[in-house]
Amino acid sequence: MTKKTEIDHRADLIGLDRDELLRELIAIDEKPFRVKQLWHWMYFQGRKDFSEMTSLAKTSRTNLNNLFKIRRPEVVFNKISNDLARKWLLRYEDGNEVEMVYIPETDRGALCVSSQVGCTLSCSFCHTGTQNIVRNLSPSEIVNQFMLARDHYDEWPTPKDGKRKISNIVLMGMGEPLFNYDNVAKALKIIMDAEGIALSRRRITLSTSGVVPKIKKCGTELGVNLAISLHAVTDDLRDQLVPLNKKWPIAELLRACKEYPAANNARRITFEYVMLKGINDSMTDARELVRLIKGIPAKVNLIPFNPWPGAPFDSSSRKTINQFASIVNKAGYSSPVRNPRGRDILAACGQLKSFSKKPLNTRSKL
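The rules behind the values
- Residues numbered from 1 in each chain as written.
- Predicted model: local features only at pLDDT ≥ 70, side-chain atom pairs only at ≥ 80, totals over all residues.
- Heavy atoms only, no water.
- Buried < 20%, exposed > 50% of the residue type's maximum accessible area, 1.4 Å probe, protein only.
- Helix = DSSP H or I, 4+ residues; strand = E, 2+ residues; numbered from the N terminus.
- Arc of directions from axis to C-beta.
- Contact = heavy atoms within 4.5 Å.
- Salt bridge = Lys/Arg side-chain N within 4 Å of Asp/Glu carboxyl O.
- Core = buried A, V, L, I, M, F, W, Y, C linked by side-chain atoms within 4.5 Å.
- Pairing = 2+ DSSP bridges.
- Right-handed = clockwise from strand over helix to strand, strands pointing away.
- Axes fitted to C-alpha atoms, helices over the stretch in contact; angles between N-to-C directions.
- Parallel < 35°, antiparallel > 145°, perpendicular 65-115°, else oblique.
- Left-handed = near helix turned anticlockwise from the far one by under 90°.
- Nonpolar A, V, L, I, M, F, W, Y, C, P; charged D, E, K, R; others polar.

Asks: Looking at this model, I keep getting lost on helix H6 (residues 212-221). Mind explaining?
Replies: Taken as a whole, H6 has its buried residues at Val212, Ile215, Cys218 and Gly219. Taken down its axis, H6 places every buried residue within 95° of arc, on the same side. Exposed side of H6, more than 90 degrees from the buried face: Pro213 and Thr220 are the residues found there. Tucked into the core, H6 has its buried residues touching helix H5 (181-192), strand E10 (204-208), strand E11 (225-229) and helix H8 (250-258). Positioned one or two residues after H6, Gly223 has a phi angle of 65°, which is positive.

As structure tokens, this is what we get:
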């Protein structure tokens, strides 16, 4: 059963773009220059309490506090895996929940952010795909995932040792980002804004299962790194693994990749390929993969299948994965084998899921 959190009916300032923030301030007789001040305090300093925004007049702070909120989602739990990956279960005010994961490396770290509660897709190898779509996340709910993680690691405005633990964002959590494009784009523009969080587009990767009509728009408007969940080299098999392929088959998807505005030899498109024992891991598959991506600035991430309760697949053997990678590498494409992280807490690629459900008396507006 979905558990609702205490609802704060004040309007949320996180997730508003600058024009929207300006309109809100003008409506309450605040001066337009407050936009820049608020933006600095919220997105550069990471403050959640208006009383701490000392460059604002005291009357303005009181006024803002009475009408608005800056509130992070509730943390239901956060778990640390044996390999130090961390998973949060976050609950929003309507009671719906999503998972978010942080993967630390020696000198950096990636935050895996969700874009939907549940998923519009039903990829057969993905745990999230067994959870029906509940709703899209709002820009505030997307941005606040990143902000909460920065709170946790005390990275406002900068870490004490000068080294950020959260250096990258990957939209590879729950949901299909391009089926929530408007909200995702708005959230990323806030995250990339140079006067706030200021995360470079080069440090953001958006992963899609192949929503072809939105791919070019993503490259033109956002210019972030693109990852494609490919996972098969024939339409017959990809129809089973990634049912979205029935709408936009491989040829259309690869055509969109070739035209992706932000792709070049320095910023290659990543093709994600989960290795499923006896399903998509033959050396013939490897050679066909090389043929398919010819002419695209690309690299291939090979992902050993990460098991989840009731999963119908096994991971390919390490020997098979290495042989597959060798063929791709010899063809001139980087083909790293992803080291599974967070498996013991179901935080690895393809393992995320919450128990939120859409009420039976509502219809999806997606």
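Asks: Sorry if this is basic, but what is going on with the pattern of salt bridges here?
Replies: Oppositely charged side chains are able to pair whenever their charged atoms sit close together. Tallying each qualifying case throughout the model produces 20 salt bridges. Lys48 is the partner of Asp151 in a salt bridge, and the nearest nitrogen-oxygen pair spans 3.5 Å. Here Lys48 lies in the loop between helix H2 (34-44) and helix H3 (58-67) and Asp151 lies in helix H4 (residues 139-152), a separation of 103 residues in the sequence. Among the ionic pairs, Arg135 bridges to Glu141, the shortest N-O distance being 2.8 Å. Look at the salt bridges and you will find they share partners, linking Arg18, Asp193 and Glu195 into a network.

Asks: How should I be thinking about the environment of Phe125 in this particular structure?
Replies: Structurally, Phe125 can be placed in the loop between strand E7 (116-117) and strand E8 (135-136). Judged by its relative accessible area of 10%, Phe125 falls in the buried class. In sequence terms Phe125 and Ser356 are 231 residues apart; their C-alpha atoms lie 20 Å from each other.

Asks: What should I look at first to understand the nonpolar core in this one?
Replies: In summary, soluble globular proteins display a tendency toward joint burial of nonpolar side chains. Residues Leu38, Phe125 and Phe271 are the most contacted members of the largest nonpolar core, which totals 114 residues. With 8 residues, the single largest contributor to this core is H5. Phe125 has contacts with His231, Leu241, Val242, Val274, Leu276, Phe305, Trp308, Phe313 and Gly350, leaving out every residue within four places of it along the chain.

Asks: Explanation requested: the pairing of strand E12 (residues 269-275) in the structure shown.
Replies: One face of the sheet, then the other: side chains in a regular strand alternate in exactly this way. Burial analysis of E12 places 7 of its 7 residues in the buried class, which makes it a mostly covered element. Covered by surrounding structure in E12 are Ile269, Phe271, Tyr273 and Met275 together with Thr270, Glu272 and Val274, the residues of both alternating faces. Note that E12 and strand E13 (residues 298-304) share 7 bridges and pair parallel. When the sheet's bridge partners are listed, Val274 is paired in E13 with Ile303. Between the parallel elements E12 and E13, the chain passes through helix H9 (residues 283-292) in a crossover that is right-handed.

Asks: Can you help me understand H9 in this one?
Replies: Among the residues of H9, Asp285, Ala286, Leu289, Val290 and Leu292 are the ones counted as buried. Projected down its long axis, H9 carries its buried residues within an arc of 160°, all on one side. Among the exposed residues of H9, those oriented more than 90 degrees off its buried face are Thr284 and Arg291. Elements in contact with the buried residues of H9: H8, E12, E13 and helix H10 (318-330).

Asks: Explain the sheet that holds E10 to me, please; I cannot follow it from the model alone.
Replies: Where strands meet in a sheet, backbone hydrogen bonds hold them as pairs that are either parallel or antiparallel. Read across the open sheet, the 9 strands follow the order E3-E4-E5-E6-E9-E10-E11-E12-E13; overall the sheet is mixed. Strands with a single pairing partner mark the edges of an open sheet, and in this sheet they are strand E3 (74-80) and E13. With strand direction ignored, the average angle separating the axes of adjacent strands in the sheet is 20°.

Asks: I keep staring at unusual backbone geometry and nothing clicks. Help me out?
Replies: With an omega dihedral of -20°, the bond running from Trp156 to Pro157 counts as a cis peptide bond. Checked against the element boundaries, Pro157 lands in the loop between H4 and strand E9 (168-171). Of note in the backbone geometry, Ala198 takes a positive phi value of approximately 60° without being a glycine. Residue placement: Ala198 occurs in the loop between H5 and E10. Residue Ala198 is classed as partly exposed on the basis of its relative accessible area of 41%.

Asks: Just to check I follow, could you spell out the packing of H5 against H6 for this structure?
Replies: Angle between the axes and distance between the axes are the two parameters that describe a pair of packed helices. The interhelical angle for the contact between H5 and H6, taken along N-to-C directions, is 15°, at an axis separation of 12 Å. One element, H5, and the other, H6, form an angle in the roughly parallel class. Two packed elements cross with a definite hand, and for H5 against H6 that hand is right-handed. Contacts between H5 and H6 involve Tyr181, Asp182 and Lys189 from the former and Lys214, Lys217, Cys218 and Glu221 from the latter. In terms of residue class, the contact of H5 with H6 is made up of 2 nonpolar, no polar and 5 charged.

Asks: What's the story with the environment of Val98 in this structure? I'm lost.
Replies: Its location among the elements puts Val98 in strand E5 (residues 97-104). For the pair Val98 and Lys353, spaced 255 residues apart in sequence, the C-alpha to C-alpha distance is 7.2 Å. Those residues within four positions of Val98 in sequence are excluded, and the remaining contacts are Trp88, Leu89, Leu90, Tyr92, Ser114, Gln116, Val117, Leu137, Met174 and Ser354.

Asks: Just to check I follow, could you spell out the pairing of E3 for this structure?
Replies: Of the pairings in the sheet, the one linking E3 to strand E4 (residues 86-91) comprises 6 bridges and is antiparallel in character. Paired with Glu74 across the two strands is Arg91, which belongs to E4. What sits between the antiparallel neighbours E3 and E4 is a turn of 5 residues, in which Leu84 has the positive phi angle 80°.

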